[in-house]
Amino acid sequence: MKIEELKTPCYVIDEGKLEENLEILKGVREHTGCSVLLAQKAFSCFSQYPLIGKYLDGTTASGLFEARLGREEMGLENHVFAPAYREEDFHELVKICDHIVFNSFSQLEKFKDCCHEVSVGIRINPECSTQEGHEIYDPCAPGSRLGVTLANFKEEWLPYISGLHFHTLCEQNADDLKKTLEAVETRFGKYLHGFFWLNMGGGHHITREDYDIGLLEKCIKRMQEKYGLHIYLEPGEAIALNAGYLVTEVMDVVENGIKTLILDASAACHMPDVLEMPYRPPLKDSGLPGEKAFTYRLSSCTCLAGDVIGDYSFDREIKPGDKLYFMDMAIYSMVKNNTFNGMPLPSIAVMDKGGDCRVIKEFGYEDFKGRLS
């Protein structure tokens, strides 16, 4: 079926765009010899793991369940980082992961005797904030719990460590990586010659149109050549950037100073980053408020007054029954959605390069009920 025939709400993964992104990441791997891992926290629709595994080196996880998924469904390199590990989880993690990164030396001390078969790393905090407007995603903010600062770095634990990990970026270009690497070298450079690898984390917007891939590759090669390190990147968003839609239907139009479209999709339930970041998601064939002839506020059928997606304008009047297509909905949507108000979870479909869609997952009442008892 075609996208306009799908029952709404429905996420649609664009396989053609996903493969375009993967080709770009494959080029970085080939030009530099670095390893690129899928950060499953952004996109973990494992039906696409066979495709992703043809281009990348493996997966990275934020805990046991993601680590299991990466091992079971991609079966390549499997890395994990968490601010802290539960003992019952850790004994399984050492069996299914190749790299385990600790957030503190106290965690390393607690679990070091279990780590004989894995490569161990420590996450560092280079204390170099490059965020503007996304402070919630800034691991270098004052008082951050993420990563060891130089003042708290314990040299006596160096014999147990194979590499360092940092993750400080969010939707950023390579100039911020260059700045961050300078801070890493300033604070931790004296240790780098003794390690096997350096993991530069995620947040690299590599597949964005204006991303400076040449500078990224220079940064990677410089750390390889100067310190003899193997470099890892852990993009999540870059892998599925602009590779998905959320299809929704207009249920009603209400007016109170502005016309509001009531949709069967929800910011709070189906695209939480709209409220968390916040941001205004792109919408096919729309413009800014007032830019086109008809302006509407887009909202949902939940009871949350603030469940508002944003204001958009259109060339034509929008009526109940019309379908709208939010773009860039493959990332941080399926992995973060919820059933607040008993809202149904959107189905998941995959669209091939010819525009044909196949539904791979549908949800119903039992998915709501089953989470509560």
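Now for a quick tour of the structure. Only a predicted model underlies this, so the values are computations on that prediction, with no experimental measurement involved.

1. Section: the overall build of the protein
Argument step 1. Of the regular secondary structure elements, the protein holds 11 helices and 16 strands.
Argument step 2. For 373 residues, the compact-globule formula gives about 21 Å, and the C-alpha radius of gyration of the protein, at 22 Å, lands near that figure.
Argument step 3. Here the C-alpha coordinates of the protein stretch approximately 65 × 45 × 40 Å along the principal axes.
Argument step 4. For the protein, the proportion of its 373 residues judged to be buried stands at 56%.
Argument step 5. Taking as baseline every contact in the protein between residues at least 6 positions apart, the subset at least 24 positions apart corresponds to 68%.

2. Topic: the sheet that holds strand β8 (residues 197-199)
Argument step 1. Strand order around the closed barrel formed by eight strands is β2-β3-β4-β5-β6-β7-β8-β9, with parallel pairing between neighbours. Geometrically, the sheet is characterised by an average inter-axis angle of 25° between neighbouring strands, direction not taken into account.
Argument step 2. As judged from the three bridges shared by β8 and strand β9 (residues 230-233), these two strands associate in the parallel manner. Counted as the bridge partner of Trp197 is His230 from β9.

3. Brief notes about helix α1 (residues 15-32)
Argument step 1. Over its 18 residues, α1 runs 26 Å from end to end, which matches the ideal 26 Å to within 8%, given 1.5 Å per residue.
Argument step 2. Taken together, the buried positions of α1 are Glu15, Gly16, Leu18, Glu19, Asn21, Leu22, Leu25, Gly27, Val28 and Thr32.
Argument step 3. Measuring from the side-chain oxygen of the N-cap residue of α1 to the backbone nitrogen of Gly16 gives 3.1 Å; that N-cap residue is Asp14.
Argument step 4. Gly33 sits one or two positions beyond α1 and adopts a positive phi of about 80°.

4. What to know about unusual backbone geometry
Argument step 1. Residue Pro9 is bonded to the preceding Thr8 through a cis peptide linkage, with omega at -10°.
Argument step 2. Along the chain, Pro9 falls in the segment before β1 (10-14).
Argument step 3. Here the bond from Met277 into Pro278 is cis, since omega is -15°, no more than 30 degrees from zero.
Argument step 4. Position of Pro278 relative to the elements: it lies in the loop between α10 (273-276) and β12 (294-300).

5. Quick look at the pattern of salt bridges
Think of it this way: side chains of opposite charge can pair up when their charged atoms draw near.
Argument step 1. One pass over the full model with this rule turns up 23 salt bridges.
Argument step 2. Lys17 is the salt-bridge partner of Glu20, the closest N and O atoms lying 3.6 Å from each other. With a gap of three residues between them, Glu20 and Lys17 both fall in helix α1, about one helical turn apart.
Argument step 3. For Glu20, a relative accessible area of 47% puts it in the partly exposed group.
Argument step 4. Given a relative accessible area of 23%, Lys17 falls into the partly exposed group.
Argument step 5. One continuous salt-bridge network, built from bridges that share partners, spans Arg86, Glu88 and Asp89.

6. Observations concerning the side chain of Thr302
Argument step 1. By secondary structure assignment, the location of Thr302 is in the loop between β12 and β13 (308-314).
Argument step 2. In this structure Thr302 comes out as buried when scored by relative accessible area, which is 10%.
Argument step 3. Among the polar contacts made by the side chain of Thr302, one reaches the main-chain amide nitrogen of Leu304 at a distance of 3.4 Å.

7. Looking at the packing of aromatic side chains
Argument step 1. By the definition in use, this model includes 14 aromatic pairs.
Argument step 2. Geometrically, the ring pair formed by Tyr85 and Phe102 is edge-to-face, given 5.7 Å between the ring centres and 85° between the ring planes. Of this pair, Tyr85 sits in the loop between β4 (77-81) and α4 (87-96) while Phe102 sits in strand β5 (residues 99-102), and the two are 17 residues apart along the sequence.
Argument step 3. Aromatic side chains Tyr365 and Phe368 sit 6.4 Å apart centroid to centroid with 50° between the ring planes, which places their arrangement in the tilted category. You can see Tyr365 and its partner Phe368 sitting in helix α11 (residues 365-369), three residues apart, about one turn around the helix.
Argument step 4. A residue is classified by how much of its surface remains accessible, and Phe368, at 27% relative accessible area, is partly exposed.
Argument step 5. Ring-pair connections join several aromatic residues into one group, and the members of that group are Tyr85, Phe90, Phe102 and Phe111.
Argument step 6. Sitting above the plane of the Phe81 ring, Arg123 keeps its charged end 4.9 Å from the centroid.

Calculation rules
Residues numbered from 1 in each chain as written. Predicted model: local features only at pLDDT ≥ 70, side-chain atom pairs only at ≥ 80, totals over all residues. Heavy atoms only, no water. Helix = DSSP H or I, 4+ residues; strand = E, 2+ residues; numbered from the N terminus. Rg over C-alpha atoms; globule rule 2.2 N^0.38 Å. Buried < 20%, exposed > 50% of the residue type's maximum accessible area, 1.4 Å probe, protein only. Contact = heavy atoms within 4.5 Å. Pairing = 2+ DSSP bridges. Axes fitted to C-alpha atoms, helices over the stretch in contact; angles between N-to-C directions. Expected span 1.5 Å × (residues − 1). Polar contact = N/O pair within 3.5 Å; in protein donor to acceptor, adjacent residues only side chain to side chain. Salt bridge = Lys/Arg side-chain N within 4 Å of Asp/Glu carboxyl O. Phe/Tyr/Trp six-rings, centres within 6.5 Å; stacked < 30°, edge-to-face > 60°. Lys NZ or Arg CZ within 6 Å of the ring centre and 35° of its normal.

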